[in-house]
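# Chain and residue survey
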Amino acid sequence: GHQEQLEAAWDPVNQTYQFAPSFAKVKPILQSADWVVGNLETTLAGADLRYTGYPQFNTPHTLAFALKEAGFTAVTTANNHSLDRREAGVLRTLDHLDQAGLAHTGTFRSAEERSVPLILEKDGIRLGLLAYTYGTNGIPLPKDKPYLVNLIEPETIKQDIATARSLGADLVAVALHFGAEYQRLPNQEQRKLVDLCFQYGADLILGHHPHVLQPYEWRTLTDETGGTRNGLVIYSLGNFISAQRGDFKDVGGILAVTVVKRGEEPAVLEEASFIPTYVHYYRSQGKRNYVIYPLAETLAAGGQQDPLISEAVYRKMERLYKEITIHTSQYLAKQKIG
C-alpha cells in the first residue's frame, strides 16, 4: 500500500480509490482456484486516520473489495504493519474485510475470536489457516489485549495447530511473517522455525516479509506413528503488488498447490508449481499505473504484445521469468529432508 499506489488508484471523476485494475491480468488465474490466500500488509483504517504509504500504512477499504473481486478467499493480517494505526486500525481492518466477504486470520477483536482457528472448506476438504508475525515495528501491543496480533511464539503455534486439527482440519497452513528483508535465501532462523512448525503438525508454510522471492521446497514428514506425509514450504512469496522497483522487488508470484482427498484416506498435498508475476509500472495521461502481469502468459503471447509494454520491458520480463523460475525451484532438485 505505498503512496504511489494510492495515487495510481485515485479516480478523480468518481472521487474514489479503484484498485481492481492492478489485478485484472491475474484475475483469471486467481478465479480458477478453489482457495486464494494472500498476506495483507497494510491497514484499512478509514479516511479519518489518513491514508498513507510507508512507513505506516493505511489504505482505503475499497482494496478489500478489489481483492474479493479478483478472487481472493482469505487474507492473513499478522505482519509488522498490523499496528500501524494501533488498535483502531486492527479493528477497522477486520470490519472492512468482513464487509467485503474476505476471511481473515492473524489479528483479532477478542481472545475468544483468537481461540478459534480459521478453517476454509471446499469439496469436503478442510484447511486450517494460521498466521503469525515476528513483531510490529516496535509498536507495543496493549498489555491487556495481547490477542490483537498473533506473534511468533512456538508454543502458541503448536497449540493452535492442535486446535485446528481437533476442529476437523484435514491440513494446516501456517503463514509466517519472518526472515530478513531483501535477502533472497532463507536464513537459519527461518529454517529453524519452519522445522518446528512441521514438527508441530503443519503441512503448508507460507512465508513473507523479505519483499523478494525465496525458494520453495517439499519435505517428507514423519508423524508420531511412523507414517509419512508431504510438507511444503515457500520461505518468501515476495511482493505480489507494491510500488517497490528493481532488485527483484517488482517480481512476485502465485504458489499453486493441489490438495487431494480420496475416499476415507487423509487429504494430501500432491503437486505444487510457481507462477511468476511482474508488477508493471507505467504512466498514462500523467497518471501512475501498477498492474500485475503473469509472466508465462504474457511472454507466450509473443507477437501479440501488450501495447502498454515496451520492447525493453518485454525483454526484462523474459529475463526475470527465467531467473525467478530457476531461483524459486532451486531446492527441488535436492534430496527431500525428513
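Up top is the structure these notes are about.
One structure accompanies this document, and this report is about it.

Basis of the calculations
- Residues numbered from 1 in each chain as written.
- Predicted model: local features only at pLDDT ≥ 70, side-chain atom pairs only at ≥ 80, totals over all residues.
- Heavy atoms only, no water.
- 1 Å grid on protein atoms, 1.4 Å probe; cavity = no way out; pocket = protein on both sides within 12 Å on 5 of 7 lines; lining within 4 Å.
- Points joined across faces, edges and corners; volume = space filled by probe spheres on them.
- Helix = DSSP H or I, 4+ residues; strand = E, 2+ residues; numbered from the N terminus.
- Nonpolar A, V, L, I, M, F, W, Y, C, P; charged D, E, K, R; others polar.
- Phe/Tyr/Trp six-rings, centres within 6.5 Å; stacked < 30°, edge-to-face > 60°.
- Lys NZ or Arg CZ within 6 Å of the ring centre and 35° of its normal.
- Expected span 1.5 Å × (residues − 1).
- Buried < 20%, exposed > 50% of the residue type's maximum accessible area, 1.4 Å probe, protein only.
- Arc of directions from axis to C-beta.
- Contact = heavy atoms within 4.5 Å.
- Polar contact = N/O pair within 3.5 Å; in protein donor to acceptor, adjacent residues only side chain to side chain.

## So, the layout of surface pockets
- Estimated volume of the second largest pocket: approximately 680 Å³.
- Around the second largest pocket, the lining is made up of 28 residues, and of these Phe198, Gly201, Thr222, Asp223 and Arg229 lie nearest the centre.
- Where the lining of the second largest pocket is concerned, the elements lending two or more residues are helix H7 (154-166), helix H8 (188-200), strand E10 (213-222), strand E11 (228-237) and strand E13 (268-284).
- The class makeup of the residues in the lining of the second largest pocket is eleven nonpolar, eight polar and nine charged.

## Quick word on empty space enclosed by the protein
- Within this structure, the stated rule accounts for two cavities of 30 Å³ or more.
- The volume enclosed by the largest cavity comes to roughly 70 Å³.
- Contributing to the lining of the largest cavity are Leu40, Thr42, Thr43, Thr77, Asn79, His81, Ser82, Gly89, Val90, Thr93 and Thr107.
- A class-by-class count of the residues in the lining of the largest cavity yields two nonpolar, nine polar and no charged.
- Empty space within the second largest cavity amounts to approximately 50 Å³.
- In this structure, the second largest cavity is lined by Thr105, Phe108, Arg114, Val116, Pro117, Leu130, Asn150 and Asp160.
- Looking at the lining of the second largest cavity residue by residue, the class counts come to four nonpolar, two polar and two charged.

## Some details on the packing of aromatic side chains
- What the rule picks out here adds up to seven aromatic pairs.
- Of the aromatic side chains, those joined through ring pairs into one cluster are Trp10, Tyr17 and Tyr51.
- A cation over a ring is seen here: Arg184 above Phe248, with NZ or CZ 3.6 Å from the ring centre.
- Its guanidinium or amino end placed over the ring of Tyr182, Lys249 lies 5.6 Å from that ring's centre, counting from NZ or CZ.

## Things to note about helix H10 (residues 311-328)
- With 18 residues, H10 should reach 26 Å at 1.5 Å per residue; the first-to-last C-alpha distance of 26 Å fits that figure.
- For H10, the full list of buried residues reads Val313, Tyr314, Met317, Leu320, Ile324, His327 and Thr328. All buried residues of H10 fall inside an arc of 150° around its axis, so they share one side. Exposed and facing more than 90 degrees away from the buried side of H10 are Lys322 and Ile326.
- Those residues of H10 that are buried lie in contact with E10, strand E12 (251-260), E13, strand E14 (287-294) and helix H9 (295-300).

## A few points about the side chain of Thr93
- Tracing the sequence through the fold places Thr93 in helix H5 (residues 86-100).
- With near-sequence residues (within four places) excluded, Thr93 lies in contact with Leu40, Thr43, Leu44 and Ala45.

## Comments concerning the side chain of Thr76
- Among the secondary structure elements, Thr76 is positioned in strand E4 (residues 74-76).
- Judged by relative accessible area, which is 1%, Thr76 ranks as buried.
- Within the structure, Thr76 has its side chain in polar contact with the side chain of Asn39 (distance 3.3 Å).
- The contacts of Thr76, once residues within four sequence positions are left out, are Val37, Gly38, Asn39, Leu40, Thr105, Leu129, Ala131, Ala175 and His208.

So yeah, pure geometry; function would need other evidence.
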